[in-house]
Amino acid sequence: MLSAEIKNKYELVVGLEVHAQLLTQSKMYTSDSTEFGNLPNTHISVVTLGHPGTLPKVNRKAVEYAIKMGLACNSHITRTNIFARKNYFYPDLPKGYQITQDKNPICVGGEVPVTLPDGSKKSVALTRIHMEEDAGKSMHLAGEADTLVDFNRAGVPLIEIVSEPDIRSSEEAYAYLVEIKKLVRYLEICDGNMEEGSLRCDANVSVRLHGAKEYGKKVEVKNMNSFRNVSRAIEHEFERQIDLIERGVEIISETRTFDANTGTTAGMRTKEDLNDYRYFPEPDLSPVIVSEEWLESVRAAMPSLPRELHHKFVHEFGLPEYDAGVLTDSKEIALYFEALCGLTNNYKAASNWMMGPVKSYLNELTLNIQDFPINPERLAALISLIDEGKVNFSVASQKIYPVMLENTAKSPLEIAQELNLIQESNEDSIKPLVESVLAENPAKVAEYKSGKKGLMGMFMGQVMKKSQGKADPKVATKILTELLDN
């Protein structure tokens, strides 16, 4: 372990390359299915395998998905898109080259705003977003000496989101990846599932002395299957590279793999130069022209983005930053909450219900909000029941809400009436209960009058018990205060 003094001499510099598999039904340049989890080599054709005489054709939906991501990141959208061949030879690359974009990516520049754990905000600049096709997958089966190849994934459309080397800590990298995942899910262009490989990340890591202008020699780290492992790999590389520099050992520009079991990286191969890939324009594909009309149609179909909803929840609904962050974490939750707030003006109560009872129910049963049995109209009606003083939150959450989950036909008011839960707000009805509680506890009354004001909670509890939870707490408190303070 390096000392804090040594580590503090250096600055971490990270750029991330995120590959997002697009949720199209067919592949990038052929009509083969992209469905995940089928038997190996069942979603392939002569085009996927690159047989002589076959010709690719660009997937229009994949182009639109790439444009959506660019618009979400405020990137410039390239109007004339020329594809390129990237030549390299791996067993899982059936054609011996990958069709990608080289000199003119579909999205240029842009940024991804992130919120860090301490609440501070930062924008990570993007270099580019380009379209390409995925490779196949090498399979190493237990007990088998040979490596098998599954080409089902070969040709699945990807966008590669390349950041500038703007990231300065593993926490920033984690926050950036969370935001990317959130964006692709809001846009519904990728499911963001790292476990299934639909979202993958490579990290370019270097270090330099604080205050230095030049970047250090970068190392690319691959094979990280979770955001946490990306963070761990960056932390390890930071220390490894500092240790090499401190010992006077030259850092090699190479590709390294991350071992999640040990938390360490190991060299795979020296880093290729761009000319090793022998890029040249793809001769079998005409340029894809993004017209003004096409671009505007994609722009018009853009959904509300998480940062837009976050701003709305904070500035229009008056919610704390924390609430807005939790509620915009999932697009479906955010849209349900937005619909709920269209039916009630008590936005904070709506937020409390969403982050409390609703999320608890969903988490306990591992359900999505789409499967939640209470629609926004019925939940808004329950909030109104509390706001009108007909029931208190405790009764609503513990007695009415569980019935609403089971019985989707009855309104909260009907359930409250059937269970005789309507709150009593009449002072003439509540005052005898209060007087009875005080008469039964003369010693406590004396203690209260001598200065132990904390006993008010005990008196309230007794009143609520006598009323079977139906006494209006505000009215009961008012009467208690009047009688005790006289």
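I will try to describe carefully the structure that is included in this document. It should be emphasised that the depicted structure is a prediction, and the values quoted were computed from it without experimental measurement.

1. A short note on the overall build of the protein chain
Per the secondary structure count, the protein chain includes 16 helices and 17 strands. The globule rule puts the C-alpha radius of gyration for 486 residues at 23 Å, and the 30 Å found for the protein chain is more than 25% above it. When the backbone C-alpha atoms are referred to their principal axes, the protein chain occupies close to 95 × 55 × 50 Å. Buried residues in the protein chain amount to 48% of all 486 residues. Across the protein chain, the fraction of contacts at a sequence separation of at least 24, relative to all contacts at a separation of at least 6, is 70%. Accessible surface, the protein chain as shown: approximately 24000 Å² in total, 52% of it carbon and sulfur. Taken as two groups, the 55 positive and 69 negative side-chain charges of the protein chain have centres that lie 2 Å from each other.

2. Description of the packing of aromatic side chains
One pass over the full model with this rule turns up 14 aromatic pairs. With 6.0 Å between their ring centres and 85 degrees between their planes, Tyr174 and Phe227 make a pair best called edge-to-face. Residue Tyr174 is located in helix H3 (residues 170–187), and its partner Phe227 is located in helix H4 (residues 227–246); the two are separated by 53 residues in the primary sequence. Given the relative accessible area of 10%, Phe227 is considered buried. Taking 6.3 Å as the distance between ring centres and 70 degrees as the angle between the ring planes, the aromatic pair formed by Tyr448 and Phe459 counts as edge-to-face.

3. Digging into the side chain of Thr265
With respect to the secondary-structure elements, Thr265 resides in strand E15 (residues 264–270). Polar contacts involving the side chain of Thr265 include one to the side chain of Glu237, which spans 2.6 Å. What Thr265 contacts, discounting residues up to four positions off in sequence, is Val221, His236, Glu237, Arg240, Arg256, Thr257 and Phe258.

4. Some details on the nonpolar core
Counting residues in each nonpolar core, the largest one holds 69 residues, and the members touching the most others are Met69, Ile159 and Tyr176. Non-local contacts of Tyr176, meaning those with residues more than four positions away in its chain, are made with Leu16, Val18, Val112, Val114, Val124, Leu126, Ile161, Ser163 and Ile167.

5. Regarding unusual backbone geometry
Its identity is not glycine, yet Glu188 carries a phi of approximately 60 degrees, on the positive side. As for its placement among the helices and strands, Glu188 is situated in the loop between H3 and strand E12 (199–209). Glu188 gets classed as partly exposed once you look at its relative accessible area, which sits at 48%.

6. What about the state of the cysteines?
Enumeration according to the criterion identifies zero disulfides in this entry. With no disulfide of its own, Cys190 lies 13 Å from the sulfur of Cys201, the closest cysteine sulfur. Note on Cys201: relative accessible area 2%, which makes it buried.

7. Re the environment of Ala476
For Ala476, the location among the structural elements is in helix H16 (residues 473–484). A relative accessible area of 0% places Ala476 in the buried class. Sequence spacing of Ala476 and Ala439 is 37 residues, and the spatial spacing of their C-alpha atoms is 15 Å.

8. Let's talk about the pairing of strand E4 (residues 84–87)
Of the two faces of E4, the one carrying Ala84 and Lys86 and the one carrying Arg85 and Asn87 are both buried. Both E4 and strand E5 (residues 97–100) contribute to a ladder of four bridges, which runs antiparallel. The residue bridging Lys86 from the neighbouring strand is Gln98, located in E5. Sheet topology places E4 next to strand E16 (residues 280–281); two bridges connect them, and they run antiparallel. Looking at the pairing, Arg85 lines up with Phe280 of E16.

9. Re H3
Because the α-helix completes a turn every 3.6 residues, residues three or four places apart line up on one side. Helix length check: H3, at 18 residues, gives a terminal C-alpha distance of 26 Å against a target of 26 Å (1.5 Å per residue), a fit within 8%. Taking burial as the measure, the 18 residues of H3 include 13 buried ones, the bulk of the element.

10. Quick word on the packing of helix H13 (residues 427–440) against helix H15 (residues 456–466)
For the pair H13 and H15, the least separation of the axes is 9 Å and the interaxial angle reads 125 degrees. Considering the angle they form, H13 stands oblique to H15. As H13 runs across H15, the sense of the crossing is right-handed. Contact with H13, carried on its side by Leu433, Val434, Ser436, Val437, Leu438 and Glu440, involves Phe459, Gln462, Val463 and Lys466 of H15 and no other residues of that element.

11. What about the pattern of salt bridges?
Evaluated as defined, the whole model comprises 33 salt bridges. The residue Lys121 makes a salt bridge to Glu321 at a minimum N-O spacing of 3.9 Å. Taken together, the positions of Lys121 in strand E8 (residues 121–133) and Glu321 in helix H7 (residues 321–327) put the pair 200 residues apart, joining distant regions of the chain. Residue classification places Glu321 among the partly exposed positions, given a relative accessible area of 43%. For Lys312, the salt bridge identified is with Glu338, shortest N-O distance 2.7 Å. Highlighted residues: Lys312 in helix H6 (residues 306–315) and Glu338 in helix H8 (residues 331–341), separated in sequence by 26 residues.

What counts, and where the lines are drawn
Residues numbered from 1 in each chain as written. Predicted model: local features only at pLDDT ≥ 70, side-chain atom pairs only at ≥ 80, totals over all residues. Heavy atoms only, no water. Helix = DSSP H or I, 4+ residues; strand = E, 2+ residues; numbered from the N terminus. Rg over C-alpha atoms; globule rule 2.2 N^0.38 Å. Buried < 20%, exposed > 50% of the residue type's maximum accessible area, 1.4 Å probe, protein only. Contact = heavy atoms within 4.5 Å. Areas by Shrake-Rupley, 256 points an atom, 1.4 Å probe, with all protein chains shown as cover. Lys, Arg positive; Asp, Glu negative; His and termini not counted. Charge placed at Lys NZ, Arg CZ, Asp CG, Glu CD. Phe/Tyr/Trp six-rings, centres within 6.5 Å; stacked < 30°, edge-to-face > 60°. Polar contact = N/O pair within 3.5 Å; in protein donor to acceptor, adjacent residues only side chain to side chain. Core = buried A, V, L, I, M, F, W, Y, C linked by side-chain atoms within 4.5 Å. Disulfide = S-S within 2.5 Å. Pairing = 2+ DSSP bridges. Expected span 1.5 Å × (residues − 1). Axes fitted to C-alpha atoms, helices over the stretch in contact; angles between N-to-C directions. Parallel < 35°, antiparallel > 145°, perpendicular 65-115°, else oblique. Left-handed = near helix turned anticlockwise from the far one by under 90°. Salt bridge = Lys/Arg side-chain N within 4 Å of Asp/Glu carboxyl O.

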